[in-house]
Structure formats: structure tokens, C-alpha cells
Amino acid sequence: MTGGSAVDADSVIAALNEEWAALRELFGTLSDDQFAAPSVLPGWSNADVLAHVIGTESLLAGRPLPEHDVSGRAHVRNQIGELNEKWLDELRGRDRSTLLADFDAITAERSTSLAAMSEEELAAETMTPAGPDSYARFMRIRVFDCWIHELDVRDGLGLTPPLTAGPAAVAVDEAAASLPYVLAKRVGVPPGNTVAFALTGLVDRVLVVEVGERARLVPPGGAAPDVALDLDTCDFFRLIGGRRDADPASVRVVGDRELGEQIAANLAYTI
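Counting of residues starts from 1 at the beginning of each chain's written sequence and follows it residue by residue. Predicted model: local features are reported for residues with pLDDT of at least 70 only, side-chain atom pairs are reported and counted for 80 or more only, and whole-chain, interface and lining totals are derived from all residues. For the side-chain quantities, the full set of heavy atoms in the structure was used; hydrogens and water were omitted.

1. Considerations on helix 10 (residues 257-265)
What helix 10 keeps buried is the set Leu 259, Gly 260, Ile 263 and Ala 264. Down the axis of helix 10, the buried set is contained in an arc of 135 degrees. They therefore lie on one face. Counted as exposed and oriented over 90 degrees from the buried face of helix 10: Glu 258 and Ala 265. The elements touched by buried residues of helix 10 are helix 8 (165-187), strand 3 (193-200), strand 6 (227-232), helix 9 (233-240) and strand 7 (252-255). For helix 10, the capping residue at the N-terminal end is Asp 256, with a side-chain oxygen 3.4 Å from the backbone nitrogen of Glu 258. Each residue is assigned to one of three classes by its accessible area relative to the maximum for its type, calculated with a 1.4 Å probe on protein chains only: buried under 20%, partly exposed between the two thresholds, exposed over 50%. A helix here means a DSSP run of H or I that spans at least four residues, while a strand means a run of E at least two residues long, and both kinds are numbered starting from the N terminus. Working note: the arc is built from the helix axis to C-beta atom directions. We call two residues contacting when some pair of their heavy atoms lies within 4.5 Å. Any pair of nitrogen or oxygen atoms within 3.5 Å is treated as a polar contact; in protein, a donor-acceptor pairing is required on top of that, and neighbouring residues in sequence qualify only through side-chain atoms on both sides.

As C-alpha cells, this is what we get:
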């Protein structure tokens, strides 16, 4: 394809396999009560989080979308949300051991399929949650989704944050791709401003967005930004995910404080 995102498919697929293993280990250690407990996501239990991953990978493996009426649910706000909910309805009611076996089976199948894909297939255009892009970009989005859901489950149960730095770094790559749009269109950062995010903790990374006629990522190390936001990697994902535990006050703002606080309070963009 032409014009697709530049994605290192091999590292993305490795990160996806690593994150699936981390999710399997996490869910395998939960008690039945923890498994059934409400998650940080409205309307979903922790079991539903696992079922969501199973459902999405099942769809990517070619399984037909279940037919369930999920209309009228307050936490379902768009077509992707409806698709997710249909899979949850299909899988709800299965016990923990059955869902874990389902997870093992579908991730093994998907891992084998991804390993067999050619460079051309991974670069081919497909529809992704971010619009038309390469299949490899879609898999990077899958890493983002799976990693942030590991964070969700850990946050909801009061467990330590994830230690999966490799998948987290790939998830940061995916989040970075969306930051120019988020800052310019959702937050409303005025043109002429440069915004830097200095992430620390699990991933140490500086992301710089220059907002002009078109907002764009630029390499760090240039002129001093108009505003810099220093924050922990997990706090960054809580904010962009609009999660229950997101705390704009966790961000240290350097430079234009009013603009920085506006950004920290309005970063949420995920579905």
C-alpha cells in the first residue's frame, strides 16, 4: 500500500505475543471473585475484558459476528462499541476455566496466522479502528488495546501496574500517532504551539507535537516547547483512555500552565 503508517511488523507481532502471555498470566492468577468483579470500564467485569480480547481476535480469525441486540446500553456509543458488546453477550456466562481455554485457543491460532503472513500481507491496506491503514498498523492497535486492558484490570483490583515494557513501548508508538489529531481537534490547542510529553517509568519517551496548519509529530530536541507535560507512562494511558483512575493533577506542567492543564484534562480519545 502507499501512504500507510511506518510500522515495524516484526516488533509489533512480538509485542502482541508478549502481551497475550502477560494477560494469560494475569487472568490465570485471579480468584473467581476477582475475575467476576466490575472492571474500571463501565458495564464490564474483568471477565468481560478477557472476553473482549477473545472476541476481537476471533473476528480477526474469520469467525462470524454474533447476532445479539445490544441497543440501549449507555456505555455503547458507536459501531465498534456495538461490535464489542455482541461478542461479550456471546461469551458471558462462560466460567473462568472455559474463557481461559478460549483465550489460549484463539491466541495460539492468531499467533500462528501472524507468523505465516508475508511482508506484503502485513503491509496491505485494511480497515482499522483508525481508518484505512496497513494490517501491521492494525496489529499495533491490538497491542495498544491489549496493553491498556492489562492496566485496566490491574487498576481495578488494586494490583501493581504492568511490567510489560516492550508492549507498552509499542502502545506508546500507537498513541503517538493519534496525538496530533487529539491536540488539534479534540483539545483545541491553538496553531503556533508546540507541545511535549515527557513519559517516565515503564517507558521513557519524549513525544513532541507541533500544531500548525496541520498538527504533526516532530523529533524531540528542537526549540523549547511552549508547554511540556511530564507524567508517568501509566498515567498517560489512563488519561488518553479516559479511565476512572485518570488524574490530570498527576501531570507536571512546564511552560504555559493554562494550556497544559487544558491538555491534561482533555486527552481522552479512545473508544
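2. Concerning the sheet that holds strand 6
Between any two strands, at least two bridges found by DSSP are needed for them to pair. Taken together, the five strands give an open sheet; going across it, the order is 5-4-3-6-7, and neighbouring strands pair in mixed fashion. For this open sheet the edge positions go to strand 5 (216-218) and strand 7, each flanked by a neighbour on one side alone. Strand-to-strand twist in this sheet, taken as the mean axis angle between neighbours without regard to direction, amounts to 25 degrees. Sitting on the sheet, helix 8 is in contact with strand 3, strand 4 (205-211) and strand 5, with an inclination near 20 degrees to strand 4. Sheet strands touched by helix 10: strand 3, strand 6 and strand 7. Its angle to strand 6, the strand with the most contacts, is close to 45 degrees. Between the N-to-C directions of two axes lies an angle of 0 to 180 degrees, each axis being a line fitted to C-alpha atoms and, for a helix, fitted only over the stretch in contact.

3. So, the side chain of Arg 243
As for its position among the elements, Arg 243 is in the loop between helix 9 and strand 7. Residue Arg 243 is classed as buried on the basis of its relative accessible area, which comes to 11%. A polar contact of 2.8 Å, which involves the side chain of Arg 243, links it to the side chain of Asp 152. Polar side-chain contacts of Arg 243 include one of 3.0 Å to the backbone oxygen of Gly 241. When neighbours within four sequence positions are excluded, Arg 243 is seen to be in contact with Leu 41, Ile 148, His 149, Asp 152, Arg 238 and Thr 270.

4. As for the pattern of salt bridges
By definition, a salt bridge exists where a carboxyl oxygen of Asp or Glu is found within 4 Å of a side-chain nitrogen of Lys or Arg. Under the defined criterion, the tally for this structure stands at 22 salt bridges. One salt bridge connects Glu 109 with Arg 63, and the closest N-O pair in it is separated by 2.7 Å. Separated by 46 residues along the polypeptide, Glu 109 in helix 5 (residues 96-116) and Arg 63 in the loop between helix 3 (46-60) and helix 4 (79-91) bring together distant segments of the chain. Look at Arg 63 and you get partly exposed, because its relative accessible area is 34%. For the salt bridge of Asp 133 with Arg 137, the shortest nitrogen-to-oxygen distance reads 3.0 Å.

5. Considering the environment of Glu 25
You can see Glu 25 is positioned in helix 1 (residues 9-29). Distance from Glu 25 to Val 182, taken between C-alpha atoms, is 33 Å for residues 157 residues apart in sequence.

6. Focus on the environment of Tyr 269
Tracing the chain through its elements places Tyr 269 in the segment after helix 10. Each C-alpha atom, one on Tyr 269 and one on Thr 233, is 16 Å from the other, the two residues being 36 residues apart in sequence. Those residues in contact with Tyr 269, other than ones at most four positions away along the chain, are Phe 144, Ala 175, Ser 178, Val 182, Arg 186 and Ile 240.

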